[in-house]
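Chain by chain, the residues:
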Amino acid sequence: MRYVIMTKHTQLALMLCVAVAGTAVEARADCHYVRGSIAETRIPSNDQFGRFLSTVTGVLNGASTVFITSPPPKVTSYDVFVTTAGDVLIATGVPARTPVPGEPGEFITHVDLTVVGGSGKYAEATGTMTFDGRSHTGTVPPTANLVYQGTVCGPNVKGGGN
């Protein structure tokens, strides 16, 4: 009788382990490398520090908008990407610009981004990205040409990337 009870407890414990392991595999986040280009244009808005609208190519192919959430000296941004498939990726950024010597209105731009979520494929997404390129503040309207790259992870993100 004691052997039968121990066997049943052992079987129950084994079933629980398999169920928990299956749940852990289901919940794991896949990651993929993202990269492409961004062509930004400053647009009129009521945002306190300005807003940009962008055309995005590459893995995040679609559009994006960004607005500055805090001014210098600790500039931060809120970046939203909407892919042509309708997926949304949201990130917060720390942009920095360095003047190009001898070229008034031209800046080397670098942005460190932290992915904070989204919807669709990017629901519950995490990760980091960088933007690098040039800002042209002397143009009307001001523009920027950037290259982005990084890693995005999430339960709906599939490995790979273009």
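A quick note: this is a predicted structure, and the numbers were derived from the prediction, not measured.

Peer 1: Looking at this structure, how should I read the packing of aromatic side chains?
Peer 2: For any pair of aromatic rings, geometry is given as the distance between the ring centres together with the angle between the planes. In the structure shown here, the tally under the stated rule is three aromatic pairs. A centroid spacing of 6.2 Å and a plane angle of 85° characterise the contact between Phe-81 and Phe-131, whose relative ring orientation is edge-to-face. Here Phe-131 lies in strand S7 (residues 126-136) and Phe-81 lies in strand S4 (residues 76-83), a separation of 50 residues in the sequence. Ring geometry for Phe-81 against Tyr-148: centres 6.4 Å apart, planes inclined by 50°, an arrangement best described as tilted. Of the two residues, Phe-81 sits in strand S4 while Tyr-148 sits in strand S8 (residues 143-154), which places them 67 residues apart along the sequence. Under the relative-accessibility criterion, Tyr-148 is labelled buried at 0%. Members of the aromatic cluster, each reached through a chain of ring pairs, are Phe-81, Phe-131 and Tyr-148.

Peer 1: What should I look at first to understand the environment of Val-66 in this one?
Peer 2: Summarising the element assignment, Val-66 is placed in strand S3 (residues 62-70). Each C-alpha atom, one on Val-66 and one on Phe-52, is 5.3 Å from the other, the two residues being 14 residues apart in sequence. Setting aside anything within four residues of it in sequence, one finds Val-66 in contact with Glu-40, Gly-50, Arg-51, Phe-52, Ser-77, Tyr-78 and Asp-79.

Peer 1: Where do I start with the pairing of S7 in this structure?
Peer 2: Where a strand is regular, its side chains alternate between the two sheet faces. Relative to S7, strand S6 (residues 106-119) runs antiparallel, the two being bridged by 10 bridges. Of the residues in S7, the one forming a bridge with His-110 is Asp-132. With antiparallel pairing between neighbouring strands as the criterion, S6 and S7 make up a hairpin whose turn holds six residues, including Gly-120 at a positive phi of roughly 65°. Bridge analysis of S7 against S8 gives 11 bridges, and the strand direction is antiparallel.

Peer 1: Please explain the nonpolar core as it appears in this structure.
Peer 2: Proteins that are soluble and globular tend to have nonpolar side chains buried together. One finds Leu-89, Met-129, Phe-131, Tyr-148 and Val-152 to be the most contacted residues of the largest nonpolar core, which totals 20 residues. Among the elements of the structure, strand S1 (30-43), strand S5 (88-99), S6, S7 and S8 are those that each provide at least two residues to this core. Among the elements that line this core, the one with the most residues is S8, at four residues. Those residues in contact with Val-152, other than ones at most four positions away along the chain, are Asp-30, Cys-31, His-32, Val-34, Leu-89, Val-115, Tyr-122, Ala-125, Thr-126, Met-129 and Val-157.

Peer 1: Teacher, can you tell me more about the confidence of the model for the protein here?
Peer 2: As a note on interpretation, predicted positions should not be read in detail where pLDDT is low. In this model, the protein carries a mean pLDDT of 87, and residues with pLDDT of at least 70 account for 80%. Note on residues 16-26: pLDDT is under 50 here. Beyond four places in sequence and across chains, it has zero contacts.

Peer 1: Sorry if this is basic, but what is going on with the state of the cysteines here?
Peer 2: Joining two cysteines, a disulfide is a covalent bond between their sulfur atoms. Applying the stated criterion across every chain yields a total of one disulfide. Across a sulfur-sulfur distance of 2.0 Å, Cys-31 and Cys-153 are joined as a disulfide pair. Around the S-S axis, the bridge from Cys-31 to Cys-153 shows a dihedral of about 105° and counts as right-handed. One end of the pair, Cys-31, is in strand S1; the other, Cys-153, is in strand S8, and 122 residues separate them in sequence. Take Cys-31: its relative accessible area is 36%, and that puts it in the partly exposed class.

Peer 1: Just checking my understanding: could you explain the pattern of salt bridges for this structure?
Peer 2: Any two side chains of opposite charge can pair, given that their charged atoms come close. Applying the stated criterion to the full structure yields three salt bridges. Here Asp-47 ties to Arg-51 by a salt bridge, and the two come within 2.6 Å at their closest N and O atoms. Here Glu-103 makes a salt bridge to Arg-134, at a shortest N to O gap of 2.6 Å. Here the residue Glu-103 occupies a position in the loop between S5 and S6, and Arg-134 occupies one in strand S7, the gap between them amounting to 31 residues. Residue classification places Arg-134 among the partly exposed residues on the basis of a relative accessible area of 29%.

Rules used in this analysis
- Residues numbered from 1 in each chain as written.
- Predicted model: local features only at pLDDT ≥ 70, side-chain atom pairs only at ≥ 80, totals over all residues.
- Heavy atoms only, no water.
- Phe/Tyr/Trp six-rings, centres within 6.5 Å; stacked < 30°, edge-to-face > 60°.
- Helix = DSSP H or I, 4+ residues; strand = E, 2+ residues; numbered from the N terminus.
- Buried < 20%, exposed > 50% of the residue type's maximum accessible area, 1.4 Å probe, protein only.
- Contact = heavy atoms within 4.5 Å.
- Pairing = 2+ DSSP bridges.
- Core = buried A, V, L, I, M, F, W, Y, C linked by side-chain atoms within 4.5 Å.
- pLDDT = per-residue confidence, 0-100.
- Disulfide = S-S within 2.5 Å.
- Salt bridge = Lys/Arg side-chain N within 4 Å of Asp/Glu carboxyl O.

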